[in-house]
Amino acid sequence: MSDPAYITPSGARKLSEELARLRSVERPRIVQEVADAAAQGDRSENAEYIYGKKKLREIDRRMHFLTKRLEKAVVVDPAEQRGDKVFFGATVEIEDEDGARHTYQIVGEDEIDSGAGRISWRSPVGRSLLGKRAGDVITVRRPAGEAEMEIISVRYG
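Now for a look at the structure at hand. As the structure is a computational prediction, the values presented were derived from the model and not from experiment.

Remark: helix H1 (residues 9-38) packs on helix H2 (residues 47-72), axes separated minimally by 9 Å, with the N-to-C direction vectors making an angle of 160°. One finds that H1 runs roughly antiparallel with respect to H2. The crossing of H1 and H2 is left-handed. Of the residues belonging to the contact of H1 with H2, the class tally is 15 nonpolar, 3 polar and 9 charged.

Another point: the pattern of salt bridges. According to the stated counting rule, one finds 15 salt bridges in the structure shown. Across the pair Glu 58 and Lys 54 runs a salt bridge, and its minimum N-O distance is 3.6 Å. Of this pair, Glu 58 and Lys 54 both sit in helix H2, 4 residues apart, roughly one helical turn. By relative accessible area, Lys 54 is classed as partly exposed at 43%. When the shortest N-O distance is used, the salt bridge between Glu 71 and Lys 68 registers 3.5 Å. Residue Glu 71 and its partner Lys 68 are located together in helix H2, separated by 3 residues, close to a single helical turn. Judged by its relative accessible area of 43%, Lys 68 falls in the partly exposed class. Each of Arg 21, Glu 26, Arg 29 and Glu 33 takes part in one network of salt bridges that share partners.

So, on to the environment of Ile 106. Within the secondary structure, Ile 106 sits in strand S4 (residues 101-107). For Ile 106 and Ile 152, which are 46 residues apart along the polypeptide, the C-alpha to C-alpha distance reads 15 Å. Non-local contacts of Ile 106, meaning those with residues more than four positions away in its chain, are made with Val 86, Phe 87, Phe 88, Gly 89, Ala 90, Ile 119, Trp 121, Gly 126, Leu 129 and Leu 130.

Definitions and limits used
- In this convention, every chain numbers its residues from 1, walking through the sequence in written order.
- Restriction of local features to residues with pLDDT of at least 70 applies here, the model being predicted, together with a cutoff of 80 or more for giving and counting side-chain atom pairs; totals for whole chains, interfaces and linings are based on all residues.
- In computing side-chain values, all of the structure's heavy atoms are included and hydrogens and water are not.
- As a rule, the C-alpha atoms of each element are fitted with a line to give its axis, helices using only the stretch in contact, and angles between N-to-C directions run from 0 to 180 degrees.
- Only DSSP runs of H or I reaching four residues or more are called helices, and only runs of E reaching two or more are called strands; each is numbered from the N terminus.
- Under this scheme an angle from 65 to 115 degrees is roughly perpendicular, one under 35 degrees roughly parallel, and one over 145 degrees roughly antiparallel; angles in between are oblique.
- Each crossing gets its handedness from the near helix: less than a right angle anticlockwise from the far helix is left-handed, clockwise is right-handed.
- Residues are grouped as follows: nonpolar covers Ala, Val, Leu, Ile, Met, Phe, Trp, Tyr, Cys and Pro; charged covers Asp, Glu, Lys and Arg; every other residue, Gly included, is treated as polar.
- In what follows, salt bridge is the name for a side-chain nitrogen of Lys or Arg lying within 4 Å of a carboxyl oxygen of Asp or Glu.
- A simple rule labels every residue: compare its accessible area, found with a 1.4 Å probe on the protein chains alone, to the largest value its type can have, and call it buried under 20%, exposed over 50%, or partly exposed in between.
- Contacts were defined at the residue level, with two residues in contact if any of their heavy atoms lie within 4.5 Å.

Just geometry here; none of it tells us what the structure is for.
Shown next as structure tokens:
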């Protein structure tokens, strides 16, 4: 059995919305474009037809991927989590060796947004944080070498 595909409620909602948009808006629009291009005659040299079929395959592939991800998703609501240990959904403030502070939320692989501080629970930093508490010092292995970081605070919700 594969590892669980943890996801927050907002992440699951975004995937569901994307799937619904692809199914009800994008795919029907591309199907119509392909039908219009096919009506123009010779399909072998019809760029609109060829591109439309390629785009349709990409949409179908993405819809299949999203459907499978949502089927195996385990939704974990950070607002329902409590405690002082870092688990999935936690928002963690850390201080690095240079004294700079960073805030990260531990999220699922489908929700990663490094610019917004949303990191995967499977990332090197995410894995190092799991199970730790405020005041703990973690060591993160990076390509540039190891870095030590202190956990300043842990919160949920």
